[in-house]
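The lines below spell out each chain.
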Amino acid sequence: MSKHYFFALLFLLLTVVRSNAQKQFVSGYILNNRDTLKGFIHLREGSLTHQFCDFKTQINAEEKRFTPEIIDGYGYDNDRNYISASIEKEGVKQKVFLEVYIKGTISMYRLDGGFVLQKSSNFYPLKNSEELIIVDGEQYLQEKKEYLGILSFLTNDCRGYKRPIPLKKLSYSLESIGSYITDYNKCSGLQEESILTKKPLFSVGVGLTLSINGQNFFIGSEFKNLTGDKFRANPTLGIGLPFYLYSPRISNSYAFYVEPQLTKTSIQHHNQTSIDGNRNDFFVNINYDYLKIPLGVKYRYLGRAIIPNFGIGVVTNFVLNENQKWSRDIHYTSKGVIESQDLIPYPLHKKIFGGWGSLGAESKIGKRISIFGEFRLEYGNGLLDKSLILADDEVQNTIGYQFIIGIKTR
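Undergrad: How should the overall build of the protein be read in this particular structure?
TA: Along its length, the protein carries 4 helices and 25 strands. The C-alpha atoms of the protein give 30 Å as radius of gyration, which overshoots the globular expectation for 410 residues (22 Å, by more than 25%). In terms of overall dimensions, the protein has C-alpha extents of about 100 × 65 × 35 Å along its principal axes.

Shown next, in the form of structure tokens:
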């Protein structure tokens, strides 16, 4: 694998990043007095989506901010949509944008991580506060589950309604309450699903990555006088096949992530020391294939054409096709003789476990294709399986890093 391809792809990534460093606007609309005005909406997630939206009539036009007091709602084409409503928050009526989840006899909305139901023209925020209780001198936080009473009150008028979940077991979650309301609306004979509920519960993204990999293996002070306390691997190129699991109904920001990566590791190490007054040159040559499988969660900060992201997780590294050669040259100063010896290598761990964290950014280059770059830092246990030889295995660790670029679908 040529490094020229890596740097060519890196140059392309930087070009895209430079040309797209602004807010990300996508096709959408605003609603006002029953009129729909098509244009472009600033893409974002989080609490700000309930407070205002930034809108352009044309992609190159000047943006304008709209609040719930000004318009009746807004939405993204084939995606989330919001309506303006007056909701009591902290004892005060406030105008907010509610994210539509279900439309029907009972409509369901999301607001700042919570839920709101609507029946007829009345809105009912679903509360699930906590109270402190003391049992045998121990303090606990217990859910009060006020939302169960509201659900029971709103759904007790449909004869023949078979609840999908017993009410007392209903958790305070989007899917659990949503399933309950959907079945009630089917019983009542009036239901119009929102765009959001028609989305798949899960979707998968795949990609292809190239990486530059570096590793430092700290082998413990016990061998400091022989081989030194650290091996440094030569930088190598790797290839990976990342898979991303999204839940579009809940959030486009989070994704579960796994990426099998294959690379080679090469260590050429030399250490010089003095033993019994004679100079000793130790040489270590280690080569093996490296199958790296990181698993974790990634979060994307939506809202701009260049989307920052960070990730965290665990990793398992498999050592394959190991090939080692250890030797030393002893310089007998008094005799003027050099003696060369082949040494028995230490066995390597077949699996190296660790954790990783990453920072990166991505940008769309097509409707369903993105290009991305990432820096990843990894910390794990050691390389040498000294426990097979020594009674007391000294603490070892591995610090690895990767510079990754790639493309992926979404």
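Undergrad: Looking at this model, I keep getting lost on the pattern of salt bridges. Mind explaining?
TA: Any two side chains of opposite charge can pair, on the condition that their charged atoms come close. A complete count under the given rule lists 16 salt bridges for this structure. Across the pair Asp 54 and Arg 44 runs a salt bridge, and its minimum N-O distance is 3.3 Å. One end of the pair, Asp 54, is in strand β3 (residues 53-56); the other, Arg 44, is in the loop between β2 (35-42) and β3, with 10 residues separating them in the sequence. Residues Asp 54 and Arg 44 agree in their burial class; the two are buried. Salt-bridge contacts for Lys 350 lead to Glu 322; the nearest nitrogen and oxygen are separated by 2.8 Å. Taken together, the residues span a long stretch of sequence, with Lys 350 in the loop between β22 (337-343) and β23 (351-364) and Glu 322 in strand β21 (residues 306-332) at a distance of 28 residues. Overlapping salt bridges bring together Glu 259, Lys 298, Glu 374 and Arg 376 as one network.

Undergrad: Even after reading the chapter, I still don't get the layout of surface pockets, so can you show me in this structure?
TA: Gaps left between atoms are located by rolling a probe of water-molecule size over the structure's atoms. Reported here for the largest pocket is a volume of approximately 1,200 Å³. As for the largest pocket, its lining consists of 33 residues, and the residues nearest its centre are Val 26, Leu 43, Asp 79, Lys 364 and Lys 367. At the level of secondary structure, the elements contributing two or more residues to the lining of the largest pocket comprise β1 (25-32), β14 (203-218) and β23. Looking at the lining of the largest pocket, its residues break down into 11 nonpolar, 9 polar and 13 charged.

Undergrad: Looking at this structure, I do not really get the pairing of strand β6 (residues 81-89). What am I missing?
TA: Along any regular strand the residues' side chains alternate between the sheet's two faces. Sheet topology note: the strand β5 (residues 73-76)/β6 ladder contains 3 bridges and is antiparallel. Considered in β6, the bridge of Gly 75 is made with Asn 81. Connecting β5 to the antiparallel partner β6 that follows it, the hairpin turn spans 4 residues, and Asn 78 within it adopts a positive phi of roughly 55 degrees. Bridge count for β6 against strand β7 (residues 92-104) is 8 bridges, and the pairing is antiparallel. Within β7, the position partnered with Ser 86 by the bridge is Lys 95. Hairpin geometry of β6 and β7 is characterised by an intervening segment of 2 residues between the two adjacent antiparallel strands and by a positive phi of about 55 degrees at Glu 90.

Undergrad: When you look at unusual backbone geometry in this model, what are you seeing that I'm missing?
TA: The phi torsion of most residues other than glycine is negative, and most of the peptide bonds are trans. Within the chain, Ser 120 stands out as a residue other than glycine whose phi angle is a positive 60 degrees. Mapped onto the secondary structure, Ser 120 falls in the loop between β9 (114-119) and β10 (122-126). The exposure class of Ser 120 is exposed, given its relative accessible area of 65%. Despite not being glycine, Lys 145 has its phi angle at roughly 55 degrees, a positive value. Relative to the assigned elements, Lys 145 resides in the loop between β12 (138-143) and α2 (147-154).

Undergrad: Which parts of the structure should I look at to understand the packing of aromatic side chains?
TA: The geometry of an aromatic ring pair comes down to the distance between the two centres and the angle between the two planes. Inspection of every chain in the model, using the stated rule, returns 17 aromatic pairs. Among the aromatic side chains, those forming a connected cluster through ring pairs are Tyr 74, Tyr 76, Tyr 82 and Phe 97. Across the ring face of Tyr 244, the terminal group of Lys 408 is positioned such that the distance to the ring centre comes to 4.3 Å. We note Lys 408 situated over the ring of Phe 372; from NZ or CZ to the ring centre the distance is 6.0 Å.

Undergrad: When you look at the packing of α2 against helix α3 (residues 174-188) in this model, what are you seeing that I'm missing?
TA: For any two helices packed against each other, one specifies the crossing angle of their axes together with the interaxial distance. Between α2 and α3, whose axes approach to 12 Å, the crossing angle comes to 10 degrees. Judged on the interaxial angle alone, α3 and α2 are roughly parallel. Residues Tyr 147, Leu 151 and Leu 154 of α2 pack against Ile 177, Tyr 180, Ile 181 and Tyr 184 of α3. Across the contact of α2 with α3, the residue classes break down as 7 nonpolar, no polar and no charged.

Undergrad: Sorry, what's going on with the pairing of β10 here?
TA: As defined by bridge partners, β9 adjoins β10 across 5 bridges and the pair is classed as antiparallel. When the sheet's bridge partners are listed, Val 116 is paired in β10 with Pro 125. Linkage of β9 to β10, two consecutive antiparallel strands, is achieved through a turn of 2 residues, within which Ser 120 is found at a positive phi near 60 degrees.

The rules behind each value
Residues numbered from 1 in each chain as written. Predicted model: local features only at pLDDT ≥ 70, side-chain atom pairs only at ≥ 80, totals over all residues. Heavy atoms only, no water. Helix = DSSP H or I, 4+ residues; strand = E, 2+ residues; numbered from the N terminus. Rg over C-alpha atoms; globule rule 2.2 N^0.38 Å. Salt bridge = Lys/Arg side-chain N within 4 Å of Asp/Glu carboxyl O. Buried < 20%, exposed > 50% of the residue type's maximum accessible area, 1.4 Å probe, protein only. 1 Å grid on protein atoms, 1.4 Å probe; cavity = no way out; pocket = protein on both sides within 12 Å on 5 of 7 lines; lining within 4 Å. Points joined across faces, edges and corners; volume = space filled by probe spheres on them. Nonpolar A, V, L, I, M, F, W, Y, C, P; charged D, E, K, R; others polar. Pairing = 2+ DSSP bridges. Phe/Tyr/Trp six-rings, centres within 6.5 Å; stacked < 30°, edge-to-face > 60°. Lys NZ or Arg CZ within 6 Å of the ring centre and 35° of its normal. Axes fitted to C-alpha atoms, helices over the stretch in contact; angles between N-to-C directions. Parallel < 35°, antiparallel > 145°, perpendicular 65-115°, else oblique. Contact = heavy atoms within 4.5 Å.

All quantities given are derived from atomic positions and should not be read as evidence of function.
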